[in-house]
Amino acid sequence: MPRASRRRGDAARRHADTVRFVLFEARPAGLLFHQLVRASDLSPSQVRSGLAALKDEAASKGWPPLIWTRTDGYQLGAERAALEAYERAVVSEKLTEFRRFITGTVAPHAAAHPNDKWVRHIVAQLNSIESTLDLVVSS
């Protein structure tokens, strides 16, 4: 994902407007990335920058959310079921990412330095996050 400075620049906002226009034209269907590049007449890098800026802009302006699915690609304003499926998939992905971070980095650090205040704190916090994400995924 582009850095915050690139998501907030004038060029990123122009790319976001172009991407939003193309996605609105394609509604209710979505567009795969290569279709979005072709339809917008932007480079792949510009489309990525535009997508990142569009997510930020949509959130701040109360626009329909932007989601991505493997079958339909990028979509604006999807149905409730599609939004819920996307949210579950993202939370599940983050849960896996957290679990790998805990088992691959934090747990060995905790085993090597069991009396370290920092590692005890981060273990407690990450276990709490893992538990919360697990509840969201399983509900």
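For the structure, check the block above.
Here's a quick rundown of the structure. (Residues numbered from 1 in each chain as written. Predicted model: local features only at pLDDT ≥ 70, side-chain atom pairs only at ≥ 80, totals over all residues. Heavy atoms only, no water.)

Observations concerning the pairing of strand β1 (residues 66–69)
Rules: Being paired, for any two strands, means DSSP has found at least two bridges between them. Think of it this way: any DSSP run of H or I at least four residues long counts as a helix, any run of E at least two long counts as a strand, and we number them from the N terminus.
With four bridges connecting them, β1 and strand β2 (residues 73–76) associate as antiparallel partners. Each bridged residue has a counterpart across the sheet, and for leucine 66 the counterpart in β2 is leucine 76. Linkage of β1 to β2, two consecutive antiparallel strands, is achieved through a turn of three residues.

Notes on unusual backbone geometry
Here the residue pair arginine 27 and proline 28 is connected by a cis peptide bond, since its omega of 0° sits within 30 degrees of zero. Locating proline 28 in the fold gives a position in the loop between α2 (10–26) and α3 (33–40). Even without glycine at this site, aspartate 41 takes up a positive phi of about 60°. Relative to the elements of secondary structure, aspartate 41 occurs in the loop between α3 and α4 (44–61).

Quick notes on the packing of aromatic side chains
Let me state the cut-off plainly: Note on aromatic pairs: the rings of Phe, Tyr and Trp (six-membered ring only in Trp) are paired at centre separations within 6.5 Å, and the planes decide the class, stacked below 30 degrees, edge-to-face beyond 60, tilted for the rest. Each ring is checked for a lysine NZ or an arginine CZ that lies within 6 Å of its centre and within 35 degrees of its normal; such an atom marks a charge sitting over the ring.
Scanning the entire structure with this criterion turns up zero aromatic pairs. Here the basic side chain of arginine 20 rests over the ring of tryptophan 63, its NZ or CZ set 4.1 Å away from the ring centre.

Notes on helix α5 (residues 80–112)
Because the α-helix completes a turn every 3.6 residues, residues three or four places apart line up on one side. This is how the line gets drawn: The span you would expect from a helix comes to 1.5 Å times its residue count less one. A residue's bend is the angle separating two fitted axes: one through the seven residues that end there, the other through the seven that start there. Buried means the residue's accessible area, taken with a 1.4 Å probe over protein chains only, is under 20% of the maximum for its type, while exposed means over 50%, and partly exposed covers the values in between. Contact between two residues is taken to exist if any of their heavy atoms lie within 4.5 Å; hydrogens are not considered.
The end-to-end C-alpha distance of α5 is 46 Å, a good match for the 48 Å that 33 residues give at a rise of 1.5 Å each. At isoleucine 102, α5 shows its largest bend, some 40°. Within α5, burial applies to Leu83, Val91, Leu95, Ile102 and Val106. Close packing links the buried residues of α5 with β1 and α6 (117–138).

Focus: the nonpolar core
The criterion, for reference: The nonpolar core is taken to be a set of buried Ala, Val, Leu, Ile, Met, Phe, Trp, Tyr and Cys residues, with the residues joined through side-chain atoms within 4.5 Å.
Counting 17 residues, the largest nonpolar core has Val19, Leu23, Leu36, Leu51 and Leu66 as its most contacted members. Mapped onto this core, the elements with two or more residues apiece are α2, α3, α4 and β2. Among residues more than four places away in sequence, those in contact with leucine 51 are Val19, Phe33, Leu36, Leu66 and Tyr74.

Section: α6
The test is simple: Directions drawn from the helix axis to the C-beta atoms are what define this arc.
When the terminal C-alpha atoms of α6 are compared, their 32 Å separation across 22 residues agrees well with the 32 Å that a helix rising 1.5 Å per residue should span. Val119, Ile122, Leu126 and Leu133 are the residues of α6 that are buried. One side of α6 carries all its buried residues, which in axial view fall inside an arc of 65°. Every exposed residue of α6 that faces more than 90 degrees away from the buried side is listed here: Lys117, Leu135 and Ser138. Buried residues belonging to α6 abut α5.

Examining the pattern of salt bridges
Our working rule: In what follows, salt bridge is the name for a side-chain nitrogen of Lys or Arg lying within 4 Å of a carboxyl oxygen of Asp or Glu.
For the coordinates displayed, the defined rule picks out seven salt bridges. With a closest N to O distance of 3.6 Å, lysine 94 and glutamate 97 form a salt bridge. Taken together, the residues lysine 94 and glutamate 97, both in helix α5 and three residues apart, mark about one turn of the helix. Of the residues examined, lysine 94 reaches a relative accessible area of 35% and is grouped as partly exposed. Where arginine 99 meets glutamate 130, a salt bridge forms, and the shortest distance between an N and an O atom there is 2.8 Å. You can see arginine 99 sitting in helix α5 and its partner glutamate 130 sitting in helix α6, a full 31 residues away along the chain. Look at arginine 99 and you get partly exposed, because its relative accessible area is 33%. It is possible to trace a salt-bridge network through shared partners that takes in Arg80, Glu84 and Arg88.

The values reported here are purely geometric and, on their own, carry no functional implication.
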